[in-house]
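One-letter residues, chain by chain:
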Amino acid sequence: MKNPRGSILPGISNSSEAPELPIASKPPKASRREGVFRFFSALKGRAVEENFPLLPLREFVLFPHTMIPMFITYKAGIAAVDAALGRDLRLFAACLRAGDGSIVLDTNPGNSEGIPDTYGVGTVVRIVQHLKLPDNTYRVVLQGEYRATIDTARIRSGCAMVTINPIRSSGAADMSNREIAALARTVQKSFCQYAEFSKRISTETLTAVEKTDSPERLGNLICNTIAVKAERKVELLGIKETAERLEKILETLELENEIFGIQKNISGKVKSRMDKNQREYILHEQLREINRELGKDGGEDEFADLEKAIDAKHPPEEILLKAKKEIQRLRKLQPFSPEAGVLRGYLEWIADLPWSEFSVDSGDLEAAERILNEDHFDMHKAKERILEFIAVRELSARENGHSGIKGPILCFVGPPGTGKTSLGKSVARALGRRFIRISLGGVRDEAEIRGHRKTYVGALPGKIIQSMRKAETINPVFLLDEIDKLSSNDFRGDPAAALLEVLDPEQNANFTDHYLELPYDLSRVLFIATANSLHSIPYPLLDRMEIIEIPGYGDMEKLAIAEQFLIPKNLRENGLGKAKITFKDQAVLEIVRHWTMESGVRGLEREIARCIRRIARSAVQKQYGKDPGKPLESFKKQVRREDLEKLLGRRKYKKDVVYREARVGVSYGLAWTETGGTVLPVETISFEGSGELIITGNLGDVMKESARIALSYLRSVSGEYAFFMKDVGKTDFHLHVPEGAIPKDGPSAGITLAASLLSTLCQVPPKPAIAMTGELTLTGRILPIGGLKEKLLAAIRNGMERVILPADNREDWEELDREIRSSLAVDFVESAGEAFGILFDGGILKPKKTCKPKRVNTKTSAGA
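Residues numbered from 1 in each chain as written. Predicted model: local features only at pLDDT ≥ 70, side-chain atom pairs only at ≥ 80, totals over all residues. Heavy atoms only, no water.

*Asks:* Would you take a moment to explain the overall build of the protein for this structure?
*Replies:* For the protein, the helix and strand inventory stands at 28 helices and 26 strands. Counting every position in the protein, which comprises 864 residues, the buried fraction comes to 48%. When contacts within the protein are restricted to residue pairs at least 6 apart in sequence, those whose partners lie at least 24 apart make up 76%. Per element, the accessible surface of the protein, about 44,900 Å² overall, is 50% carbon and sulfur. (Helix = DSSP H or I, 4+ residues; strand = E, 2+ residues; numbered from the N terminus. Buried < 20%, exposed > 50% of the residue type's maximum accessible area, 1.4 Å probe, protein only. Contact = heavy atoms within 4.5 Å. Areas by Shrake-Rupley, 256 points an atom, 1.4 Å probe, with all protein chains shown as cover.)

Put into structure tokens, the structure is as follows:
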């Protein structure tokens with residue numbers, strides 16, 4: 001048992017005899033009289049208002065009639081002990097609720113949040129002895145007096161004070177009642193059985209339980225001794241009815257005894273099995289020695305060992321028959337013949353592969369979630385999918401009696417450096433499985449996936465079977481890294497087509513490698529693929545995978561990742577783990593904005609490592625080179641924004657090409673790339689010609705089509721806008737997207753191209769600091785886009801104040817972090833007309849013609 005930020009003194013049992021401390025304290029006489037009066041008033045049922053300092057305990061429950069030594073090292077406990085020493089030496093000890101990881105005390109009297117979150121039931125305890133240590137902490141011996149519940153709580157003089165109501169046992173409270181006496185004897189008998197199983201109950205405690213004649217004392221002694229969770233002890237502490245309390249204690253003891261009995265039975269079976277295996281091993285060794293003496297120790301033993309090794313793996317019947325057949329062939333061959341070597345290697349592969357061995361998955365969802373959160377920041381969708389798989393596997397195991405559900409085929413898609421590969425390792429750690437990884441980048445031969453036929457010289461199985469042998473289990477976490485980098489098919493076959501069987505849950509139970517020529521079960525493997533883009537993955541392969549997007553990180557997310565993961569990791573790797581080196585937040589953000597240009601954090605980690613290496617070099621040259629024995633704890637350094645150019649040199653990156661003033665013909669789009677988002681300026685000029693559209697800037701076919709669609713749409717609505725030139729058909733337009741060395745393509749720039757052309761046609765500049773994205777149709781509709789988070793991060797990074805988005809992307813916007821949504825004003829539009837109304841003032845619209853009413857000849861009308 002542990003108490004909050006302290007522990008019970010080692011080697012001291014929970015008996016009624018407390019160890020002697022150097023200083024023993026006695027309360028003042030008046031305080032003692034007051035305490036005695038309160039105690040006997042509680043026993044007689046009098047309603048006495050009692051105020052005590054609150055002593056919060058973590059995962060520990062104190063019971064009456066017990067004496068416990070402990071250290072008090074945390075602020076709330078020290079404040080409570082100080083208050084009790086000035087009163088009658090009494091405290092109210094209560095256990096903190098689960099999940100309260102810290103014990104803090106707000107000394108503001110008006111703040112109710114400063115009261116520790118404890119259970120409402122506890123024990124009034126007396127400080128029997130205390131010793132104040134040099135660091136102002138306490139070593140105390142506490143004696144439980146009686147149970148009580150909290151009525152009210154408040155802060156007074158920096159200490160949490162509670163008003164309590166004593167718990168008075170209802171029903172028969174002594175052994176005179178036959179039912180209570182019988183129940184108490186049953187509890188005593190069950191506790192004796194528990195003590196035999198546990199082997200940790202002292203003789204004094206067992207004697208006290210057997211000889212007590214008070215049901216209340218009996219329950220307190222047993223509850224204090226048994227090893228159950230704190231929540232269960234609190235429940236037993238708060239029961240008023242004597243019979244009900246004894247029944248609950250009996251139920252708890254019987255459950256623990258049943259668990260002990262099952263454990264003992266399992267241990268006996270394991271020991272018996274081990275004895276049998278050991279006997280067989282000794283007999284085999286004796287037989288081998290006899291054969292050696294008789295001169296029979298030769299090739300036959302080798303074949304027998306190979307057959308036994310295959311039998312020990314418990315392969316399917318088909319594989320076992322095939323292996324035995326090949327062993328019979330091997331017996332007939334000459335030992336040094338080439339065919340014998342090939343056949344021996346083939347059989348060794350069968351013997352080395354896992355056929356039935358599997359890792360027992362961890363079914364603890366909380367532990368799995370904690371591991372995933374420890375290793376990676378954010379990634380909520382990926383983590384939720386993994387936790388869903390663990391939950392489904394656990395339910396399936398309970399229903400079917402085994403954990404043999406098919407593993408999902410996941411594909412993590414996102415920019416480089418966002419933690420996709422390392423997330424696979426965390427998934428394996430959270431599940432308790434083996435982790436294996438193969439890189440598919442540049443793989444161009446189908447045989448690397450399926451293997452070569454064993455008739456070829458130097459033939460081997462493919463990477464899938466090789467990795468399964470390394471995993472040694474049939475249910476590892478299998479990472480297929482960079483699946484989008486597979487080379488296109490050539491004369492050696494298509495590796496992407498070879499993966500179709502591997503990644504199909506309906507087919508991979510019978511995956512056939514060319515070398516083995518036997519079906520191998522991959523259905524229980526958890527396959528995780530990673531990719532930077534989905535465009536290069538063939539559709540049949542993409543259709544077999546569940547896509548989980550891993551978006552890029554914003555500046556504040558990168559700051560959190562650097563503080564929680566990257567900086568501590570690089571300090572340890574560079575020998576400065578014990579040094580006191582810190583990075584100011586502004587310094588980290590400056591590195592993010594001017595020394596890196598990425599959606600992930602790989603470049604950020606490199607720059608942080610550069611800073612730390614420079615600091616390490618400086619520390620060795622100036623301080624620790626002269627005095628090697630000087631402790632690293634004394635080295636202190638704070639990296640500020642002003643220090644970065646000295647540590648990292650000049651800035652590497654500037655912001656995108658963005659003009660701060662409004663210009664005619666210039667609009668700003670948002671683009672997604674494999675390295676993250678970027679702002680895409682579009683420039684258009686016009687001059688006399690024949691209505692030709694010139695497009696430059698290294699644009700792809702889709703983007704060129706978007707430009708032609710934008711111009712055609714604007715010509716179709718020329719009656720609504722005040723074009724500066726009279727005849728659009730005699731005007732040429734030159735549309736350019738800067739940074740022509742970078743290829744650009746995609747349909748989402750349609751509205752941006754249309755806005756640039758409209759600004760040139762009307763000679764009116766768009767409003768500044770507005771970016772936009774959306775595919776434009778020929779009728780002016782705005783269609784949804786992808787990569788929303790990366791695009792918005794680029795807009796924030798380049799100082800955009802407002803963004804125009806398609807209306808169909810509203811749900812994607814609402815799923816984004818609050819930090820991103822609070823940094824930008826967003827307008828959702830369904831048509832180009834709505835977007836133009838936001839971008840331009842009313843000056844681009846043609847004034848509507850007002851028709852004069854016709855004069856009517858009233859006489860003629862009347863005559864008619």
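*Asks:* Is there a simple way to think about the sheet that holds strand 10 (residues 435-439) in this case?
*Replies:* Strand pairs in the sheet, formed through backbone hydrogen bonds, run parallel or antiparallel to each other. Overall, parallel pairing links the five strands, which are arranged 10-11-14-9-15 in an open sheet. Strand pairing shows two members of the sheet lacking a second neighbour, strand 10 and strand 15 (546-549), which therefore form its edges. Here the strands of the sheet are splayed against their neighbours by 25 degrees on average, with no regard to which way each runs. Here strand 10 pairs with strand 11 (residues 477-481) via five bridges, running parallel. Note that in strand 11 the partner of R437 across the bridge is L479. Sitting on the sheet, helix 15 (residues 463-471) touches strand 10 and strand 11, and the angle it makes with strand 10 is about 155 degrees. (Pairing = 2+ DSSP bridges. Axes fitted to C-alpha atoms, helices over the stretch in contact; angles between N-to-C directions.)

*Asks:* Before we go on, may I ask you to explain the packing of helix 11 (residues 365-375) against helix 13 (residues 420-431) in this structure?
*Replies:* In a packed pair of helices, the relevant descriptors are the angle between the two axes and the axis-to-axis distance. Relative orientation of the contacting elements helix 11 and helix 13 amounts to 155 degrees, with a least axis distance of 9 Å. Between helix 11 and helix 13, the angle falls in the class roughly antiparallel. Along this stretch, helix 11 crosses helix 13, giving a crossing that reads as right-handed. The residues of helix 13 that touch helix 11, namely those facing A368, I371, L372, E374 and D375, are L423, S426, V427, R429 and A430. (Parallel < 35°, antiparallel > 145°, perpendicular 65-115°, else oblique. Left-handed = near helix turned anticlockwise from the far one by under 90°.)

*Asks:* Before we go on, may I ask you to explain the packing of helix 23 (residues 750-762) against helix 27 (residues 832-839) in this structure?
*Replies:* Taken N-terminus to C-terminus, the directions of helix 23 and helix 27 make an angle of 55 degrees; their axes are 11 Å apart at the nearest point. With respect to their mutual orientation, helix 23 and helix 27 come out oblique. When the axes of helix 23 and helix 27 are compared, the crossing they make is right-handed. In this structure, helix 23 uses I751, A754, A755 and L758 to contact helix 27, whose residues at the interface are A832, A835, F836 and L839. Its residues assigned to classes, the contact of helix 23 with helix 27 shows eight nonpolar, no polar and no charged. (Nonpolar A, V, L, I, M, F, W, Y, C, P; charged D, E, K, R; others polar.)

*Asks:* Before we go on, may I ask you to explain the pattern of salt bridges in this structure?
*Replies:* Side chains that differ in sign of charge can pair as their charged atoms come close. Tallying each qualifying case throughout the model produces 34 salt bridges. A salt bridge links R453 to E517, with the nearest nitrogen and oxygen atoms 3.6 Å apart. Taken together, the residues R453 in the loop between helix 14 (447-450) and helix 15 and E517 in the loop between strand 12 (511-512) and strand 13 (519-520) connect sequence positions 64 residues apart. R453 sits in the partly exposed class, given a relative accessible area of 41%. Its relative accessible area of 39% is what places E517 among the partly exposed residues. Two residues, K485 and E482, come together in a salt bridge whose shortest N-O distance is 3.0 Å. Residues joined by salt bridges that share partners form a network here, namely D88, R90, R126 and E145. (Salt bridge = Lys/Arg side-chain N within 4 Å of Asp/Glu carboxyl O.)

*Asks:* In this structure, what is going on with unusual backbone geometry? I would like to understand it.
*Replies:* A negative phi angle is the norm for most residues apart from glycine, just as the trans form is the norm for most peptide bonds. We note that E59 has phi near 55 degrees; this positive angle belongs to a residue other than glycine. Position of E59 among the secondary structure elements: in the loop between strand 3 (50-57) and strand 4 (67-72). Although it is not a glycine, A769 sits at a positive phi angle of roughly 60 degrees. Within the secondary structure, A769 is located in the loop between helix 23 and strand 22 (770-772).

*Asks:* I tried to follow the side chain of N809 on my own but got confused; where do I start?
*Replies:* You can see N809 is positioned in the loop between strand 25 (802-806) and helix 25 (810-814). For N809, a relative accessible area of 1% puts it in the buried group. Leaving out residues up to four positions away in the same chain, N809 has contacts with P784, I785, L788 and F828.

*Asks:* Sorry, what's going on with the sheet that holds strand 25 here?
*Replies:* In spatial order, the strands read 20-21-19-18-22-25-26; together these seven strands make up an open sheet with mixed pairing. Two strands close off the open sheet at either side, each with one partner strand: strand 20 (693-696) and strand 26 (825-829). Neighbour to neighbour, the strand axes of the sheet diverge by 30 degrees on average, direction disregarded. Pairing of strand 22 with strand 25, which is carried by three bridges, proceeds in the parallel orientation. Bridge pairing links I770 to R802 in strand 25. Set on the sheet, helix 23 makes contact with strand 18 (666-673), strand 19 (676-688), strand 20, strand 21 (731-736) and strand 22; between it and strand 19 the angle comes to about 30 degrees. Set on the sheet, helix 24 (residues 788-797) makes contact with strand 18, strand 19 and strand 25; between it and strand 19 the angle comes to about 70 degrees.

*Asks:* I tried to follow a negative patch on the surface on my own but got confused; where do I start?
*Replies:* Together, E549, D808, E811, D812, E814, E830 and E834 line one region of the surface with negative charge. Counting residues per element, the negative patch draws most heavily on helix 25, which supplies three residues. In this structure, E830 sits in the loop between strand 26 and helix 27. (Patch = residues over 30% accessible without salt bridge, like charges linked within 9 Å, V, L, I, M, F, W, Y side chains within 5 Å. Lys, Arg positive; Asp, Glu negative; His and termini not counted. Charge placed at Lys NZ, Arg CZ, Asp CG, Glu CD.)

*Asks:* Explain the packing of aromatic side chains here, please?
*Replies:* Any aromatic ring pair is given by two values, namely how distant the centres are and how the planes are angled relative to each other. Tallied over the full model, the rule gives nine aromatic pairs. When the ring of F478 is compared with that of F527, the centres are 5.3 Å apart and the planes differ by 35 degrees; the resulting orientation is tilted. Highlighted residues: F478 in strand 11 and F527 in strand 14 (residues 526-531), separated in sequence by 49 residues. As far as burial versus exposure is concerned, F478 and F527 are alike and both buried. For the ring pair W813 and F828, a centre distance of 6.4 Å and an interplane angle of 75 degrees mean the geometry is edge-to-face. On the criterion of sequence distance, the pair formed by W813 in helix 25 and F828 in strand 26 is long-range, its members being 15 residues apart. Taking relative accessible area as the criterion, F828 reaches 18% and is therefore assigned buried. When the ring centre of Y346 is taken as origin, the NZ or CZ atom of K454, which lies over that ring, is 4.5 Å away. (Phe/Tyr/Trp six-rings, centres within 6.5 Å; stacked < 30°, edge-to-face > 60°. Lys NZ or Arg CZ within 6 Å of the ring centre and 35° of its normal.)

*Asks:* Can you walk me through a nonpolar patch on the surface in this structure?
*Replies:* On the surface, I262, I266, V270 and M274 cluster together into a nonpolar patch covering about 370 Å² of accessible area. Relative to the assigned elements, V270 resides in helix 7 (residues 242-293). When its relative accessible area of 37% is taken as the criterion, V270 is described as partly exposed.

*Asks:* Would you take a moment to explain the pairing of strand 19 for this structure?
*Replies:* Regular strands show a simple pattern: their side chains alternate between the two faces of the sheet. The pairing of strand 18 with strand 19 spans eight bridges and is antiparallel. Across the sheet, S667 pairs through a bridge with V682, a residue of strand 19. In terms of strand pairing, strand 19 meets strand 21 through six bridges, oriented antiparallel. Counted as the bridge partner of E683 is H736 from strand 21.

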